[in-house]
Amino acid sequence: MPNSSSISEFLLLALADTRQLQLLHFWLLLGIYLAALLGNGLISTAVACDHRLHTPMYFFLLNLALLDLGCISTTLPKAMANALCGTRAISYTGCAAQVFFLLFLFGAEYSILTIMSYDRYVAICMPLHYGTLLGSRACATMAAAAWGTGVLYSLMHTANTFSLPLCQGNAVDQFFCEIPQILKLSCSEYYLREVGLLLFSVCLAFGCFVFIVVSYMQIFRAVLSIPSEQGRHKAFSTCLPHLAVVCLFLSTGFFAYLKPPSISSPSLDLVVALLYSMVPPTLNPIIYSMRNKEIKHALSKLLQYAVFLLQ
């Protein structure tokens, strides 16, 4: 029976059995990946280059776009390479790196989304203190704390997971390496350590969720008390994209990891993994730019400049 010291590679779940379907999946994944790169790249460039977007809200949006780029770049390139080459293998080190970066980026993104809810709360409920509470130094400190939290969270889980003895082979029932699938390969008497850490993480995530909910309760109460309809519309327009992104992130992530075991199946796990790993990074730029005049204007200027350079 193999153990972790004798495993040099893992076998990921194949997205298709036939060569034609493998190539089809490659082109579909490539299209999704390029769309996510383009959307998040445009958002990042627009925020970085337009001085009118150098505000706390857009600073955190820039961080979110960079994290989304990292998230989708952690899973899709390997899946595309395997689909194109007709292989399933990923090295032990590559699998550990995939787990580390995925947890790091997801943890940092959830922290950034929590900070963005605080940003919207201060902007709407405490506008006179906005410049004080969310100055450039405070924003940089909060962003650094979010990224640092992601690193510590990921190090804790990755080190613990890959220190477990693996006794159930090396076939991972997912198209990328993730902790629940790695735990299925571990010896039954050892994996409870990681389950305990996962439960602790769920408690922390629930605390952030409560903070976001309470923040938005206060925001909606403040917005509904605004006498003018135009003022209410403007306030809602700055909050609804963030709320939509939070709902998308949490609904896909929570369902992936907290769904009842009774409805779990390999095909459902695959669909859920595709949703939470690809949908948020791809749709977030669309959600934020759809009704945001500042982002639209910055993107328009950016595209005009690009056309000018090409002429």
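What you see is a predicted model, and the numbers here were worked out from it, not measured in a lab.

What counts and how
Every chain begins its residue count from 1, and numbering advances along the sequence as written. Owing to the predicted nature of the model, reporting of local features is limited to residues with pLDDT of at least 70; listing and counting of side-chain atom pairs is limited to 80 or more, with chain, interface and lining totals taken over all residues. Excluded from the side-chain calculations are hydrogens and water; all other atoms, namely the structure's heavy atoms, are used. We count a stretch as a helix when DSSP gives it H or I for four or more residues in a row; a strand needs E for two or more, and each element gets its number in order from the N terminus. Computation of the radius of gyration draws on C-alpha atoms, with the globule rule given as 2.2 Å multiplied by the number of residues to the power 0.38. Burial status follows relative accessibility: with a 1.4 Å probe on protein chains alone, a residue under 20% of its type maximum counts as buried, one over 50% as exposed, and anything between as partly exposed. A contact between two residues is defined here by any heavy atoms of the two lying within 4.5 Å. Working definition of accessibility: Shrake-Rupley area with a 1.4 Å probe, residue cover restricted to the visible protein chains. Charge convention: Lys and Arg are scored as positive, Asp and Glu as negative, and His as well as the terminal groups of each chain are ignored. Charged groups are reduced to one reference atom each: NZ for lysine, CZ for arginine, CG for aspartic acid, CD for glutamic acid. In this description, the term disulfide denotes a pair of cysteine sulfurs within 2.5 Å. Fitting axes to the seven residues ending at a residue and to the seven starting there, one defines the bend at that residue as the angle between these axes. Nonpolar side chains (Val, Leu, Ile, Met, Phe, Trp, Tyr) within 5 Å and like charges within 9 Å form the patches, drawn only from residues with over 30% relative accessible area and no salt bridge. A side-chain nitrogen of Lys or Arg and a carboxyl oxygen of Asp or Glu constitute a salt bridge if their distance falls within 4 Å. Note on definitions: angles span 0 to 180 degrees between N-to-C directions of axes, and those axes are lines fitted to C-alpha atoms, for helices only across the stretch in contact. These descriptions rest on fixed angle ranges, namely under 35 degrees for roughly parallel, over 145 for roughly antiparallel, 65 to 115 for roughly perpendicular, and the rest for oblique. The crossing is said to be left-handed when, going from far helix to near helix, the turn is anticlockwise and less than a right angle, and right-handed when the turn is clockwise. Charged means Asp, Glu, Lys or Arg here, nonpolar means Ala, Val, Leu, Ile, Met, Phe, Trp, Tyr, Cys or Pro, and polar covers whatever is left, Gly included. Put simply, two rings from Phe, Tyr or Trp (the six-membered ring, in Trp's case) pair if the centres are within 6.5 Å, and we call them stacked under 30 degrees between planes, edge-to-face over 60, tilted for the rest.

## Observations regarding the overall build of the protein
For the protein, the helix and strand inventory stands at 10 helices and 2 strands. Traced from its N-terminal end to its C-terminal end, the protein shows the element sequence β-α-α-β-α-α-α-α-α-α-α-α. For 311 residues, the compact-globule formula gives about 19 Å, and the C-alpha radius of gyration of the protein, at 21 Å, lands near that figure. Taking all 311 residues of the protein together, 45% fall into the buried category. Taking the intrachain contacts of the protein between residues at least 6 apart in sequence as the baseline, contacts between residues at least 24 apart amount to 78%. Element-wise, carbon and sulfur atoms account for 71% of the exposed surface of the protein, whose accessible area totals about 15,700 Å². Distance from the positive charge centre (16 side chains) to the negative charge centre (13 side chains) of the protein: 11 Å.

## What to know about the state of the cysteines
All chains considered together, the criterion is met by 1 disulfide. What pairs with Cys-95 in a disulfide is Cys-177, and their sulfur atoms sit 2.0 Å apart. Across the disulfide from Cys-95 to Cys-177, rotation about the S-S bond amounts to roughly -120°, and the bridge is consequently left-handed. In this pair, Cys-95 is assigned in helix H3 (residues 92-125) and Cys-177 in the loop between helix H5 (136-161) and helix H6 (179-183), connecting sequence segments 82 residues apart. Grouping residues by exposure puts Cys-95 and Cys-177 together as buried. Cys-49 takes part in no disulfide bond, and the closest cysteine sulfur to it belongs to Cys-139, at a distance of 19 Å. Left without a disulfide partner, Cys-125 is nearest to the cysteine sulfur of Cys-239, which lies 8.5 Å away. A residue is classified by how much of its surface remains accessible, and Cys-125, at 27% relative accessible area, is partly exposed.

## Focus: helix H8 (residues 229-258)
Given 3.6 residues to a turn, an α-helix orients residues that are three or four positions apart in the same direction. Maximal helix bending in H8 amounts to about 30°, located at Cys-239; proline Pro-241 follows within four positions. Among all positions of H8, only Ala-235, Cys-239, Pro-241, His-242, Val-245, Val-246, Leu-248, Phe-249, Leu-250, Thr-252, Gly-253 and Ala-256 are buried.

## As for the side chain of Thr-282
Note on placement: Thr-282 falls in helix H9 (residues 266-290). Beyond its immediate sequence surroundings of up to four residues, Thr-282 is in contact with Ile-32, Ala-35, Ala-36 and Ile-72.

## Concerning a nonpolar patch on the surface
There is a patch of nonpolar side chains on the surface, built from Val-202, Phe-206, Phe-209, Val-210, Val-213, Val-214, Met-217, Phe-254, Tyr-257 and Leu-258 and spanning about 850 Å² of accessible area. For the nonpolar patch, the secondary structure elements donating two or more residues are helix H7 (192-224) and H8. Sort the elements by how many residues they give to the nonpolar patch and H7 lands first, with 7 residues. Note on placement: Leu-258 falls in helix H8.

## Describing the packing of helix H2 (residues 56-85) against H5
Contact geometry of H2 with H5 gives a least axis separation of 11 Å together with a crossing angle of 20°. On the basis of their axis angle, the class for H2 and H5 is roughly parallel. Handedness of the crossing formed by H2 with H5: right-handed. Counted together, Pro-56, Phe-59, Phe-60, Asn-63 and Leu-67 of H2 and Cys-139, Ala-140, Met-142, Ala-143 and Trp-147 of H5 form the full contact between these two elements. The residue makeup of the contact of H2 with H5, split by class, is 9 nonpolar, 1 polar and no charged.

## Concerning the environment of Leu-105
Structurally, Leu-105 is set in helix H3. Spatially, the C-alpha atoms of Leu-105 and Ser-154 are 8.6 Å apart, while their sequence positions differ by 49 residues. If sequence neighbours within four positions are ignored, Leu-105 has contacts with Leu-67, Gly-70, Cys-71 and Thr-74.

## Observations regarding the packing of aromatic side chains
Evaluation of the coordinates by the stated rule reveals 14 aromatic pairs. Consider the rings of Phe-26 and Trp-27, whose centres lie 5.1 Å apart with planes at 70°: the pair is edge-to-face. Measuring from centroid to centroid gives 6.2 Å for Phe-176 and Tyr-276, while their planes differ by 75°, and the two rings are edge-to-face. Here the residue Phe-176 occupies a position in the loop between H5 and H6, and Tyr-276 occupies one in helix H9, the gap between them amounting to 100 residues. For the pair Phe-176 and Tyr-276, one class covers both residues: buried. Three or more aromatic residues joined by ring pairs make a cluster, and in this case those are Phe-106, Tyr-110, Phe-175, Phe-176, Phe-249 and Tyr-276.

Don't take any of this as a statement about function, it's just geometry.
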